[in-house]
Amino acid sequence: MALECEDVSTKLADAVITDEHDNSAELANCLESQIGRNVHVYIDDVVVKTTRQADLITDHAETFANLRRYKIKLNPLKCTFGVPSGQLLGYVVSKRGIEPNPEKTLAVMRTKQPTCLVDAQKLAGRVAALSHFIPRLGDKATPLYRLLKKSESFKWTEEAQRALEELQHALQNAPILAAPLPQETMLLYVVASNRAISAVMVVERKEEGKEQLIQHPVYYISEALIDSKQRHPSVRAPRELDIAEPPAPDSTLVALASDSDDWMEPYLSYLERQVLPMDETEARAIVRRCKSFTIINKELYKRSVSGVFQRCIGADEGRKILRDIHAGDCGHPAGACSIVAKAFRHGFYWPTAHEDVVALVRSCAGCQKYASQSHMPGSALKTIPLTCPFAVWGLDMVGKLKTAPGRFTRPY
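Calculation notes
- Residues numbered from 1 in each chain as written.
- Predicted model: local features only at pLDDT ≥ 70, side-chain atom pairs only at ≥ 80, totals over all residues.
- Heavy atoms only, no water.
- Buried < 20%, exposed > 50% of the residue type's maximum accessible area, 1.4 Å probe, protein only.
- Helix = DSSP H or I, 4+ residues; strand = E, 2+ residues; numbered from the N terminus.
- Arc of directions from axis to C-beta.
- Phe/Tyr/Trp six-rings, centres within 6.5 Å; stacked < 30°, edge-to-face > 60°.
- Lys NZ or Arg CZ within 6 Å of the ring centre and 35° of its normal.
- Salt bridge = Lys/Arg side-chain N within 4 Å of Asp/Glu carboxyl O.
- Polar contact = N/O pair within 3.5 Å; in protein donor to acceptor, adjacent residues only side chain to side chain.
- Pairing = 2+ DSSP bridges.

A. Broad picture of helix H12 (residues 336-345). Every buried residue belonging to H12 is among Ala 336, Ile 339, Val 340, Ala 343 and Phe 344, and all of these are buried. Relative to the axis of H12, the buried residues are bounded by an arc of 135 degrees and lie together on one face. Exposed and facing more than 90 degrees away from the buried side of H12 are Cys 337 and Arg 345. Remark: Gly 347 follows H12 within two positions and exhibits a positive phi of approximately 95 degrees.

B. Here's a closer look at the packing of aromatic side chains. Under the definition given, this model contains eight aromatic pairs. On the basis of an interplanar angle of 75 degrees and a centroid distance of 5.9 Å, the ring pair of Trp 263 and Tyr 267 is categorised as edge-to-face. Judged by relative accessible area, which is 13%, Trp 263 ranks as buried. The exposure class of Tyr 267 is buried, given its relative accessible area of 7%. Three or more aromatic residues joined by ring pairs form one cluster here, namely Trp 263, Tyr 267, Phe 293, Phe 344, Tyr 349 and Trp 350. When the ring centre of Tyr 349 is taken as reference, the NZ or CZ atom of Lys 302 above it lies at 5.0 Å.

C. Spatial organisation of the pattern of salt bridges. One pass over the full model with this rule turns up 14 salt bridges. One salt bridge in this structure joins Glu 317 and Arg 311, with 3.5 Å as the shortest N-O distance. Residue classification places Arg 311 among the partly exposed positions, given a relative accessible area of 25%. Taken together, the salt bridges that share partners define one network made up of Arg 136, Asp 139 and Arg 195.

D. Here's a closer look at the environment of Asp 316. Checked against the element boundaries, Asp 316 lands in helix H11 (residues 315-327). Separated by 2.5 Å, the side chains of Asp 316 and Arg 319 make a polar contact.

E. Representation of the sheet that holds strand S16 (residues 309-312) within the structure. With mixed pairing, four strands are arranged side by side in an open sheet as S14-S15-S16-S17. What marks the edges here is a single partner per strand, and that holds for strand S14 (293-296) and strand S17 (348-349). Across four bridges, the pairing between S14 and strand S15 (residues 299-303) is antiparallel. Its bridge partner lying in S15, Thr 294 is registered against Tyr 301.

Written out as structure tokens, the structure is:
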């Protein structure tokens, strides 16, 4: 979409390379000096872009000279010269800018009321193909996305019909996207709701007869939020940010609040306000783990396996308790498992207790010196060689034993 034809262009399609090499790589090497200046290449399609009509012959001569030098042939039936506008990668590119494919737009405009899930899925796919031209698509198409969930019966609602009509109206008045110029300043607008997050990048350009700069959209993007993300508490207001310069600390579009000690906040948010993290996997884990947590006097407690309530504390406070147990006034320089078990029995809990106590024991010189370890030097097992094959055991040959008194015939 970074292609803009100011005046006239030429499409050279299906380049055939005589040598057995990759077409895209060979074309990139062939037109390396022209790509981005007056040529755009996509796999085996070449577009020669001429910004001034007087340079048309010069640009073509340079292109054909490079193609001839690399022995690249073209299919004349698929070459078009002097095109003021045309389709490229599914979009209509012209001097005006980048416009949606009229065939794809017409397919959405002629869509009838879906009667089954498959029809709704087809409609969603057609709308997604034109998403770059629809502002705030996530908010507008939310009723349609709800119908994509599998259910026993499909029912087209009035809300979905209004959403379809709104999308058709948006495509009927679709904006013309502009291609940004090198080193051109772009503005980013972000809007967030409890259902979707949308953004648009625009450029400001001066037009003849107008004193103020006119904004032209470059790219629209929108993401519909899943159920767990819709319950996220913080939704920021739309902000404007000039991305050509580094943003100021107070110009961030997304608040990043991360505290390693504040691990209890997701549990408190869910138990008090039914609010879950935006990450779906983390949200499911919070719901599963909250079954053993409760709030008592505005403090978070965890119910242990034995049914004892343990007060939840931060990691810093937990490490201090471990140090007191390990080397305090009543020091207990025992193993890691014994120390953390004693802390839990005293009614404290934090999730990184085992990792913290292992690091504490490993950093203690006394624990390492007097640990129950074998101090014998290690050596490989050695076999004892025999000097004579029969030096260990022997055999005597005797005859028949005489009968002893009591008619015993054996020596035992």
